[in-house]
Amino acid sequence: MKTLAWLEERLGLEPVLKLVEKKTVPIHRHSIWYYLGGMTLFLFVTQAVTGILLLLYYRPSSDGAYESVQFIMGQVSFGWLVRSIHSWSANLMIGTLFIHMFSVFLTKAYRPPRELTWISGAVLLFLALTFGFSGYLLPWNKVSFFATRVGTQIAGVVPGIGTFLLRFLRGGDDVSGATLTRFYGFHVAILPAITALFLGVHVWLVQKQGMSLPPGEDESQVKTMKFVPNFLLRDAMGWLLALGLLAALSALFPWELGQKADPFASAPAGIKPEWYFLFLFQTLKYIPAKVAFIDGDVLGVLIMGAGAALWVFVPFLDRQAARGEKSPVFTAIGWVLIVYIVGMTLVGYFT
Amino acid sequence: MPRRSFVDYLLGTSLGMVVAAIFYPILRFLVPPRIAESSELNVVAAKTAELKPNSGKVFPFGTEPAIVIQTPGGEIRAFSAVCTHLACTVQYRDDLQQIWCACHDGHYDLYGKNIGGPPPQPLTKLTANIRGDEIIVSKG
Amino acid sequence: MTGKLLTTSLGAISALALFAATGRAQPAPAAAAKVDQCVACHSELEGRLGDPVKALQQKNDVHGQHGFSCANCHGGDPSQGSGKAAMDPAKGFVAVPKRQDIPRLCGKCHSDPAFMKQFDPAERTDQESEYSTSVHGKRLKQGDQKVAVCTSCHGFHGVKAVKNSTAPVYALHVAETCGSCHANVGYMQPYGIPTDQLAKWQSSVHGEAMLKKQDLSAPTCNDCHGNHGATPPSVASVANVCGTCHVRQAELFQKSPHAKPFQALGNGACVQCHSNHEIHHPSDEMLGVGKQSVCVECHFEGTSSFKAAAAMSGQISDLAAQIRRAGEILQEASNDGMEVSRPQFDLREAGNKLINARVVVHSFAPGQVEAAVKPGLEVAGKAHQAGLVALSDFQFRRKGLAVSLLFIAIAVAAIFLKLRQIERRQSSA
């Protein structure tokens, strides 16, 4: 095409075109999981688009936020659709992100040379959870107000930097309009900028290094399909189905508005965070109030911090996988974690 | 081959329809609704002409009723109209020059202070400003 | 025999001494530099003789707080260490004041404005004179030893201020305190008056407001009967009593066709339909010509008043039904996820109009009730309309969803076909 040739002359698109032509994706019994990264990316793009649209009507102050969301839901054309898609897609995205992460973990795709892909992915996990936490407050309703208070309270428990962290997050000593403005800044500017960076690195690395083969698969023997158009068309089918699911959820189960937050009211009974934090929340509940000389909360936060650090550096800890051998210990750890997370989430949800 | 062009045709059309189904709501969304948002930041309570001295008007302020009054001396003030006793809606009494609640004979003075009857608390004050020929009431 | 004679004569002498001491024998509360021997001795004693001191020394005893002590009421000489000298009838000592004397004993201080304003300038000083107008006061003069006197309600040792929330005369406790006699069947037997007032009041809307919702503005015994001048309101004044809070109803009633006939018949205005102690939340069924209506107790079928009752009842029920209908449809829309908080708020105004209409019923004029109901019907109608719009919007969304899903399904199928085509070509190539 003439346009393509014109662009090629100026942008040096050859490596991209070569990728498009040459990149292949292996086909084996675990290749179904390859779709999840792209699905998460699709859902993230949906978030960005619907988020930008919401920006046109949302007001980030404590006396306008709730009303502006009420306006979007009730008065703006298709406002209910944009807002509900944004809320549902956030949850679906974090769901696919977890599945993507664990499928990568169990197929040991983090082993050399893909350590940086894993680490950038771990950062993206943290960013996604922060997106979720900050976005949750923005409608300024009763549930989100108290969930934010509880969540930031836990942050305050970290030894040493806890007070600083709490005041940094809350924009003050308590959750207030200042917290809302701050979370808004995180959610629409700071986090997107950082995420764009890490997402770019993550996706570029995947394209550069190609898809990882699970240990045990023989590279020379394995069947492949072309990335363009075969894999991409399959991706597209999945994305369209996800879009349909989002539309159905938004039309049949619109995201609720709740009641406007009242900082002077007492917390409703049984306040819980969103489902993706439930397993952490539930774990903290089970730690006794005091263990030896340490506060239960502090111990919990430290354990989680340590766990997160170990998780990030897994590529350097799994020596067997690095050598290309089977690594049953890490496989077992993976399954234990999956069962634990699912179990704790269900417990937190139903009790 | 005819079948090839049919599949291509189908693909092109169906993807086009999906794209249209995405862009139609987005474009409609971008156009603001006819009734601009009645933000609770600023509500037009009344026109200056319609609020005479020694009178009051109840109007919707967000999710609750509010009352704007002009005192006999000519000052414009606004309060929440939710009686602090059992949440009936208060009204202005020009014969008493007070704000009054019909439900159990609660009396408030023109500063919103509860001065008689059951109400345990004063009425919440709101801010009233005059802009042109309109009285605008906002929180705080 | 001798002992009894001695005690009786002592008692008589002390009574006389007490009367003599009814002159301005004001104690100086701040004379605390000297040791109060009454307290010093009696605090060592147990039981009946020691308890009064403990009570007086409680933080919330209003007399003890202001430096009053035993001698201020019992007389005698608190500076004397020996019992005989301290409890000397010559010095005005009275061990147990007689019931008839108690109002005057308390009134010694409490009826003296100059004295009382040292402690509280706004304190009323007419309790004693009010008491003498009450049923209790009158009967006490006639020699009835069972009626309430000051100490019956306020206590004697350990008197708490009225505004102390644990005082027996604090608003929340007044009914119980009155009920300690008036609800005691055995105690009240000689008087032949009902003893179910307390139970009735507790089950009433006023009792619930005070006891369950802790609404201190709700009426309890003293709000309708007076506290020191306690007397049941006369038939003519019932409407005035209820009207102190229910102003609008009382005004409308006085102008209504019921006012004169009720007075002539000796019916207690409000009480005729609403009862006096067992006042329950009025229901719409009380109005009209149905089984639970109070109107049909007097008004018979075929009369114009019967028709008026039916008309008013119809208007009120109509508005209530419209509000309910609008509320239901809006709730349905809300359950479907539609944003209807604004129409739901507007419907509140219709609720206010219904409350107002129910008040206007007391004019017993169908024309007025109709005028009151009309604006409410308009609002309810609008809200109902908004609900219908919301429901149809929801249907629109579902149809739109179905269409979009159809597009998506076709697109997915098209991709699938395309893939199959491509892969066939690839495998044959």
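Each residue is numbered by its place in its chain's sequence as written, counting from 1. Lettering of chains starts at A and numbering of ligands starts at 1, both following the order in which they are written. Since the coordinates come from a predicted model, pLDDT governs what is reported: local features require at least 70, and pairs of side-chain atoms require 80 or more to be given and counted, while whole-chain, interface and lining totals use all residues.

### Looking at the overall build of chain C
Point 1. In this description a helix means any DSSP run of H or I spanning at least four residues, a strand means any run of E spanning at least two, and both kinds are numbered starting from the N terminus. When helices and strands are tallied, chain C shows 23 helices and zero strands.
Point 2. What the globule rule says is 2.2 Å times the number of residues to the power 0.38, and the radius of gyration is computed from C-alpha atoms. Relative to the globule expectation of 22 Å for 429 residues, the C-alpha radius of gyration of chain C, 36 Å, shows a markedly less compact shape.
Point 3. Judged by the C-alpha coordinates and their principal axes, chain C covers about 130 × 80 × 40 Å.
Point 4. The buried share among the 429 residues of chain C stands at 29%.
Point 5. By the convention adopted here, residues are in contact when the distance between their C-beta atoms, placed from the backbone, does not exceed 7 Å. In chain C, 58% of the contacts between residues at least 6 apart in sequence involve partners at least 24 apart. Using C-beta atoms placed from the backbone, we call a residue buried if 20 or more other C-beta atoms fall within 10 Å of its own, exposed if 12 or fewer do, and partly exposed for counts in between.

### Examining the overall build of chain B
Point 1. A tally of regular secondary structure across chain B gives one helix and 10 strands.
Point 2. Taken over C-alpha atoms, the radius of gyration comes to 26 Å for chain B, far larger than the 14 Å a tight globule of 140 residues would show.
Point 3. Dimensions of chain B along its principal axes, counting C-alpha atoms only, are 90 × 35 × 20 Å.
Point 4. Sorting the 140 residues of chain B into buried and exposed places 29% on the buried side.
Point 5. Contacts spanning at least 24 positions in sequence make up 39% of the contacts within chain B whose residues lie at least 6 apart.

### Focus: the sheet that holds strand S8 (residues 114–116) of chain B
By definition, the strands of a sheet pair up through backbone hydrogen bonds, in either a parallel or an antiparallel sense.
All names here are of chain B.
Point 1. Here we have four strands laid out as an open sheet, ordered S5-S6-S7-S8, and antiparallel in their pairing. Each edge of the open sheet is held by one strand with a lone partner, namely strand S5 (91–93) and S8. Neighbouring strand axes in the sheet, compared pairwise and without regard to direction, differ in orientation by 40° on average. In this scheme, strands are said to pair when DSSP sees at least two bridges between them. Every angle, taken between N-to-C directions, lies between 0 and 180 degrees, and every axis is a line fitted to C-alpha atoms, over only the stretch in contact when it is a helix.

### Some words on the domain arrangement of chain B
Point 1. Annotation of chain B at the domain level lists domain 1 (1–31) and domain 2 (43–138).
Point 2. Each domain's extent is set by a domain assignment, obtained either automatically or from a database. Look at where the C-alpha atoms of domain 1 of chain B and domain 2 of chain B centre, and you get two points 57 Å apart.

### Re unusual backbone geometry
Point 1. Cis geometry marks the peptide bond from Pro112(A) to Pro113(A), where omega comes out at 0°.
Point 2. By the secondary structure assignment, Pro113(A) is in the loop between helix H5 (79–106) and helix H6 (115–137).
Point 3. Of the consecutive residues Val228(A) and Pro229(A), the connecting peptide bond is found in the cis state with omega at 0°.
Point 4. Within the secondary structure, Pro229(A) sits in helix H10 (residues 227–252).
Point 5. Its identity is not glycine, yet Asn54(B) carries a phi of approximately 60°, on the positive side.
Point 6. As for its placement among the helices and strands, Asn54(B) is situated in the loop between strand S1 (43–47) and strand S2 (55–61).

### Some thoughts on the environment of Cys181(C)
All names here are of chain C.
Point 1. Examined against the element boundaries, Cys181 turns out to sit in helix H12 (residues 174–182).
Point 2. Assessed through the 18 C-beta atoms surrounding it within 10 Å, Cys181 is described here as partly exposed.
Point 3. Sequence separation between Cys181 and Ser152 is 29 residues, and the spatial gap between their C-alpha atoms is 9.5 Å.

### Details of the packing of helix H4 (residues 65–74) of chain A against H5(A)
Residues and elements named next belong to chain A.
Point 1. Remark: H4 packs on H5, axes separated minimally by 6 Å, with the N-to-C direction vectors making an angle of 115°. On the side of H4, the interface is formed by Val69, Ile72 and Met73, while H5 contributes Gly79, Trp80 and Arg83.
Point 2. Asp, Glu, Lys and Arg are counted as charged, while Ala, Val, Leu, Ile, Met, Phe, Trp, Tyr, Cys and Pro are counted as nonpolar; the rest, among them Gly, fall into the polar class. A breakdown of the residues in the contact of H4 with H5 according to their chemical character gives four nonpolar, one polar and one charged.

### Some thoughts on the interface of chain A and chain B
Often the size quoted for an interface is simply the accessible area lost on bringing the parts together.
Point 1. Facing the 13 residues of chain A at the interface are 13 residues of chain B.
Point 2. Among the elements that make up the side of chain A that touches chain B, the one with the highest residue count is H5(A) (three residues).
Point 3. A class-by-class count of the residues in the side of chain A that touches chain B yields seven nonpolar, four polar and two charged.

### Topic: the sheet that holds strand S9 (residues 125–131) of chain B
All names here are of chain B.
Point 1. As summarised here, the arrangement of the six strands in space is S1-S10-S9-S4-S3-S2, forming an open sheet in which the pairing is antiparallel. Unpaired on one side and paired on the other, S1 and S2 mark the two borders of the sheet. Taken pair by pair, the neighbouring strands of this sheet meet at an average axis angle of 30°, ignoring direction.
Point 2. Pairing between strand S3 (residues 64–70) and strand S4 (residues 76–80): five bridges, direction antiparallel. Bridged to Ala66 within S4 is Ser80.

### Topic: the interface of chain A and chain C
Point 1. In this complex, chain A contributes 20 residues to the contact, which on the side of chain C involves 18 residues.
Point 2. Those elements that place two or more of their residues in the side of chain A that touches chain C are H4 and H10 of chain A.
Point 3. The biggest single contributor to the side of chain A that touches chain C is H10(A), with 13 residues.
Point 4. For the side of chain A that touches chain C, the class distribution of residues is 15 nonpolar, four polar and one charged.

### Considering the domain arrangement of chain C
All names here are of chain C.
Point 1. As far as domains go, chain C holds domain 1 (1–25 + 34–96), domain 2 (98–232), domain 3 (234–278) and domain 4 (304–389).
Point 2. Residue-level contacts link 14 residues of domain 1 with 12 residues of domain 2.
Point 3. Those elements that place two or more of their residues in the side of domain 1 that touches domain 2 are helix H1 (2–20), helix H3 (51–56) and helix H4 (62–65).
Point 4. No other element matches the four residues that H3 contributes to the side of domain 1 that touches domain 2.

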